[in-house]
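Chain residues, written in single-letter form:
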Amino acid sequence: MVGRVLAKVGWLIESQIAPRAYKTAPYVTVSEPSAEELIALGVDPQRIHIVRNGVDPVPLHKPTLDRDGQHAVTLSRLVPHKQIEHAMDVVAALDGVVLDVVEAVGGRRNWSIMPARWV
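The structure displayed is predicted, hence computed values, not measured ones.

A.B. asks: Would you explain the side chain of Ser-34 in this entry?
C.D. replies: Within the element layout of this structure, Ser-34 appears in helix α2 (residues 32–40). Of note is the side chain of Ser-34, whose polar atom sits 3.0 Å from the backbone oxygen of Ser-31.

Here you go:
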């Protein structure tokens, strides 16, 4: 019940209040479809700027993995709310089931807040 009420409140804010409150503000979105949704909500198309999600160019030197086999790669900040430990648990569970499973975890971390079993 609470979810339905909150959904209606959210819809009201996004469709009625926000366009009026931000009538002169620029909008940034990542795609044409989301820009079209903003226009449908009454946002002036001249105030919408599309900034596409970027991908870095492929480097001249492509890194290679040291081992053959199945690889699970996790790239993220290593903080509790990212729940990277779920990927680690899956790889640990696959040990012995899938031969040569390797996990590479890359990202900034603060080991003091990681679960003790992964430090």
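A.B. asks: Even after reading the chapter, I still don't get the environment of Glu-14, so can you show me in this structure?
C.D. replies: Positionally, Glu-14 belongs in helix α1 (residues 2–21). Judged by relative accessible area, which is 58%, Glu-14 ranks as exposed. Aside from chain neighbours lying at most four places away, what touches Glu-14 is Pro-19 and Leu-41.

A.B. asks: Just to check I follow, could you spell out a nonpolar patch on the surface for this structure?
C.D. replies: A cluster of nonpolar residues, Met-1, Val-5, Val-9, Trp-11, Leu-12, Ile-13 and Ile-17, forms a patch on the protein surface that exposes about 740 Å² of accessible area. Position of Met-1 among the secondary structure elements: in the segment before α1. The exposure class of Met-1 is exposed, given its relative accessible area of 80%.

A.B. asks: Honestly, helix α3 (residues 85–94) in this entry has me stumped. Any pointers?
C.D. replies: Among the residues of α3, Glu-85, Met-88 and Val-91 are the ones counted as buried. Looking straight down α3, one finds that the buried residues subtend no more than 120° of arc, so they occupy a single side. Taken from the residues just after α3, Gly-96 is the one with a positive phi, measuring 95°.

What counts and what doesn't
Throughout this description, residue numbers start from 1 for each chain and increase along the sequence as written. For a predicted model such as this one, the threshold for reporting local features is a pLDDT of at least 70, and the threshold for listing and counting side-chain atom pairs is 80 or more; totals across whole chains, interfaces and linings nevertheless cover every residue. Side-chain numbers come from the whole structure's heavy atoms, not from hydrogens or water. Runs of H or I in DSSP of at least four residues are treated as helices and runs of E of at least two as strands, each being numbered from the N terminus. As used in this structure description, the phrase polar contact means that two N or O atoms lie within 3.5 Å; if the pair is within protein, one of them must be able to donate a hydrogen and the other to accept it, and residues adjacent in sequence are counted only when both atoms belong to side chains. Accessible area is worked out with a 1.4 Å probe on protein chains only. A residue is then buried under 20% of its type maximum, exposed over 50%, and partly exposed in between. Contacts are assigned to residue pairs with any non-hydrogen atoms lying within 4.5 Å of each other. By definition, no residue in a patch forms a salt bridge, and every one has over 30% relative accessible area; like charges are joined within 9 Å, nonpolar side chains (Val, Leu, Ile, Met, Phe, Trp, Tyr) within 5 Å. Each accessible area is a Shrake-Rupley estimate made with a 1.4 Å probe; only the visible protein chains count as cover when residues are assessed. Any Lys or Arg side-chain nitrogen located within 4 Å of an Asp or Glu carboxyl oxygen qualifies as a salt bridge. Throughout, the arc means the angular range of directions from the helix axis out to the C-beta atoms.

Just distances and angles here, no functional claims.
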